[in-house]
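Examining the three-dimensional arrangement
Given next are the chains, with one letter for each unit.
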Amino acid sequence: MRFRGAGWLTLLYKELLRFWKVSFQTVAAPVLTALLYLLIFSHVLESSVTVFGGSVRYTAFLIPGLVMMSVLQNAFANSSSSLIQSKISGSLIFVLLPPLSPTGLFAAYVLGAMVRGLTVGAGVFAVTLWFDPALLALPHPFWALAFAFFGSAILGTLGLIAGIWAEKFDQLAAFQNFFIVPLTFLSGVFYSIHTLPPFWQAASHLNPFFYMIDGFRFGFLGRSDVPPATSLLVVASCFAVLSLGTLALLQRGWKLRQ
């Protein structure tokens, strides 16, 4: 499949403007939410939670998890909300009429979601760095970037799937509340899975979000629950499978052209 012309770049530009023009809501608000999580959890649990055998402060452990959680949630929110709003307002026809290939549509929506997710993640990192400035010296920055890019791409793709499937905001909210949020909160953002009973440790390894969080945290701390290469393989495989499935849906026009 090939990109046709520069139409997908125009759609990408529209996606970027869509969230940036309301950046107080789409960027500043999630940054504030993450900061509140950090203030509450670090204050309450700093002295009572031990991670990696006590070699890492809980606050230092928590910050990368909050950054990645913000990246994932906002990447999903961007592509899913964009598509459902277009469907409900009837403006989706203006996206489907131009000769845009399924690959072009996919690239525009997912790249727009990635930019929003990474922008929010950078903002969260900037405001939380004050709590542990030592995190600025990332021991493995390329691992952190790899997981940030793959994670935002996966959630941007899931957002696209949710937007295609949903026909109203209630359905989209259900997809997010009963699928995205539980997988995110149960992925080790606030705890190391080694603190869990054996059954829940095994269950955590079935959650792809866990590998995104754990691999991203390795870039900051040089410590992880799973080897980063294993996590990257799982995350890259998930992205490949989801991308192929989403491209097939766009090719068919399922729930878009009917």
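The following paragraphs examine the structure supplied in this document. Note that this is a predicted model, so its numbers are computed, not measured. (Residues numbered from 1 in each chain as written. Predicted model: local features only at pLDDT ≥ 70, side-chain atom pairs only at ≥ 80, totals over all residues. Heavy atoms only, no water.)

**What about the overall build of the protein chain?**
Check the secondary structure of the protein chain and you find 10 helices and 0 strands. The C-alpha atoms of the protein chain give a radius of gyration of 19 Å, which matches the 18 Å a tight globule of 258 residues would have. Each of the three principal axes of the protein chain carries a C-alpha extent, and together these read 60 × 35 × 35 Å. Long-range pairs, those at least 24 residues apart, make up 81% of the contacts in the protein chain with a sequence separation of at least 6. Computed over 14 positive and 7 negative side-chain charges, the inter-centroid distance for the protein chain is 15 Å. (Helix = DSSP H or I, 4+ residues; strand = E, 2+ residues; numbered from the N terminus. Rg over C-alpha atoms; globule rule 2.2 N^0.38 Å. Contact = heavy atoms within 4.5 Å. Lys, Arg positive; Asp, Glu negative; His and termini not counted. Charge placed at Lys NZ, Arg CZ, Asp CG, Glu CD.)

**Structural notes on the pattern of salt bridges**
Inspection of the entire model under this criterion finds 3 salt bridges. Linking Asp132 and Arg57 is a salt bridge whose minimum nitrogen-to-oxygen distance equals 3.1 Å. On the criterion of sequence distance, the pair formed by Asp132 in the loop between α5 (102-128) and α6 (141-165) and Arg57 in the loop between α2 (23-45) and α3 (58-89) is long-range, its members being 75 residues apart. Linking Glu167 and Lys255 is a salt bridge whose minimum nitrogen-to-oxygen distance equals 3.5 Å. One end of the pair, Glu167, is in the loop between α6 and α7 (169-185); the other, Lys255, is in the segment after α10 (228-252), with 88 residues separating them in the sequence. (Salt bridge = Lys/Arg side-chain N within 4 Å of Asp/Glu carboxyl O.)

**What about the packing of aromatic side chains?**
Centre-to-centre distance and the angle between the planes together describe a pair of aromatic rings. Summed over all chains, the structure comprises 18 aromatic pairs. Ring centres of Trp130 and Phe131 lie 5.3 Å apart, and the angle between their planes is 85 degrees; this geometry places the pair in the edge-to-face category. A relative accessible area of 69% means that Trp130 is categorised as exposed. With a centroid separation of 6.1 Å and 25 degrees between ring planes, the pair formed by Trp143 and Phe147 is classed as stacked. Note that Trp143 and Phe147 are positioned in helix α6 at a spacing of 4 residues, about one turn of the helix. Judged by relative accessible area, which is 0%, Phe147 ranks as buried. Ring pairing ties together the aromatic residues Tyr37, Phe41, Phe185 and Phe190, which thus form one cluster. Arg217 extends its terminal NZ or CZ atom over the ring of Phe61, reaching a point 3.6 Å from the ring centre. (Phe/Tyr/Trp six-rings, centres within 6.5 Å; stacked < 30°, edge-to-face > 60°. Buried < 20%, exposed > 50% of the residue type's maximum accessible area, 1.4 Å probe, protein only. Lys NZ or Arg CZ within 6 Å of the ring centre and 35° of its normal.)

**A few points about helix α9 (residues 208-221)**
Helix length check: α9, at 14 residues, gives a terminal C-alpha distance of 20 Å against a target of 20 Å (1.5 Å per residue), a fit within 8%. With 13 of 14 residues buried, α9 lies mostly within the body of the structure. Its side-chain oxygen at 2.9 Å from the backbone nitrogen of Phe209, Asn207 defines the N-terminal cap of α9. Positive backbone phi, approximately 70 degrees, marks Gly222, located one or two places after α9. (Expected span 1.5 Å × (residues − 1). Polar contact = N/O pair within 3.5 Å; in protein donor to acceptor, adjacent residues only side chain to side chain.)

**Description of the environment of Tyr211**
Relative to the helices and strands, Tyr211 is located in helix α9. Exposure remark for Tyr211: the relative accessible area of 9% places this residue in the buried category. In this structure, the C-alpha to C-alpha distance between Tyr211 and Pro228, residues 17 residues apart in sequence, is 8.2 Å.

**Quick word on the environment of Ile180**
Mapped onto the secondary structure, Ile180 falls in helix α7. Owing to a relative accessible area of 1%, Ile180 belongs among the buried residues under this scheme. Sequence-wise, Ile180 and Pro102 are 78 residues apart; in three dimensions their C-alpha atoms are separated by 25 Å. Ignoring any residue separated from it by four or fewer positions in sequence, one finds Ile180 in contact with Phe76, Leu155, Leu158, Phe175 and Phe209.

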